[in-house]
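Fold and geometry: a report
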Amino acid sequence: MTTLLQINASIHNDNGQSSQLANQFVAAFRQSHPDANVVVRDVAASETVPHLTAERFGAFITQQEKRTAAQHSVVAYSDALIEEIKRADVVVIGLPMYNFGVPSQLKAYFDTSRARGSHLHTPRRGPWSPDGQEGIHIRRARGQYVGTPMDTQTGYVRDFLAFLGMTDVQFVYAEGLAISPQSKQAGLEKAAAEIARLAA
């Protein structure tokens, strides 16, 4: 059975344009993969992933036998998120652009790849991503940023997913949504066509 992990990062949750585009992908994916198991992780929901602090980082780098009960809880939560990604065959990220960057909630989620004691990536083990794992990044933006120095998201997301071992990463852009009604329609139509192609 194929497992799809949908990660939404809009502060508007399901009402956000990026979440709606990600939902479009999932709906189309279900049509071509009716037995797919879909897991949704909304990192901007009421129970957000905690941001990295010195205390949380300290839990990650403390040897297991020396961790306090609170530190064990921090690591267990992080492990659960890591296992969720590892079990996915396809990872879909619905990503808005806020102030020219990724939402801080998604950065907090990415920070669960720990610097030490992690299953994610070590010189000995290498990336853990299974063969064939695919990443789909769906972005909405009010302006036009693809191919410009102001696009800080594409390289960051690609590099981070590559760090996890995902080399098959596709990008869908819905841009120019605040320029004019015509630009918004064109941006959404272009994204919808690309979503339909990738989800087939």
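Structure first, text after, so check above.
Residues numbered from 1 in each chain as written. Predicted model: local features only at pLDDT ≥ 70, side-chain atom pairs only at ≥ 80, totals over all residues. Heavy atoms only, no water.

Some thoughts on the pattern of salt bridges
Tallying each qualifying case throughout the model produces four salt bridges. A salt bridge links Lys 86 to Glu 83, with the shortest nitrogen-to-oxygen separation between them at 3.5 Å. One end of the pair is Lys 86 and the other is Glu 83, both in helix H3 (residues 69–86) and three residues apart, which spans about a single turn. Take Glu 83: its relative accessible area is 28%, and that puts it in the partly exposed class. One salt bridge connects Glu 194 with Arg 197, and the closest N-O pair in it is separated by 2.5 Å. Placement of the pair is Glu 194 and Arg 197 together in helix H6 (residues 181–199), with a separation of three residues, close to one helical turn. By relative accessible area, which is 25% here, Glu 194 ends up partly exposed. (Salt bridge = Lys/Arg side-chain N within 4 Å of Asp/Glu carboxyl O. Helix = DSSP H or I, 4+ residues; strand = E, 2+ residues; numbered from the N terminus. Buried < 20%, exposed > 50% of the residue type's maximum accessible area, 1.4 Å probe, protein only.)

What to know about the environment of Tyr 98
Within the secondary structure, Tyr 98 sits in the loop between strand S3 (90–96) and helix H4 (104–110). Residue Tyr 98 is classed as partly exposed on the basis of its relative accessible area, which comes to 23%. Sequence separation between Tyr 98 and Ile 11 is 87 residues; the distance between their C-alpha atoms is 9.9 Å. For Tyr 98, the residues in contact, after removing those within four places along its chain, are Ala 9, Ser 10, Ile 11, His 12 and Pro 103. (Contact = heavy atoms within 4.5 Å.)

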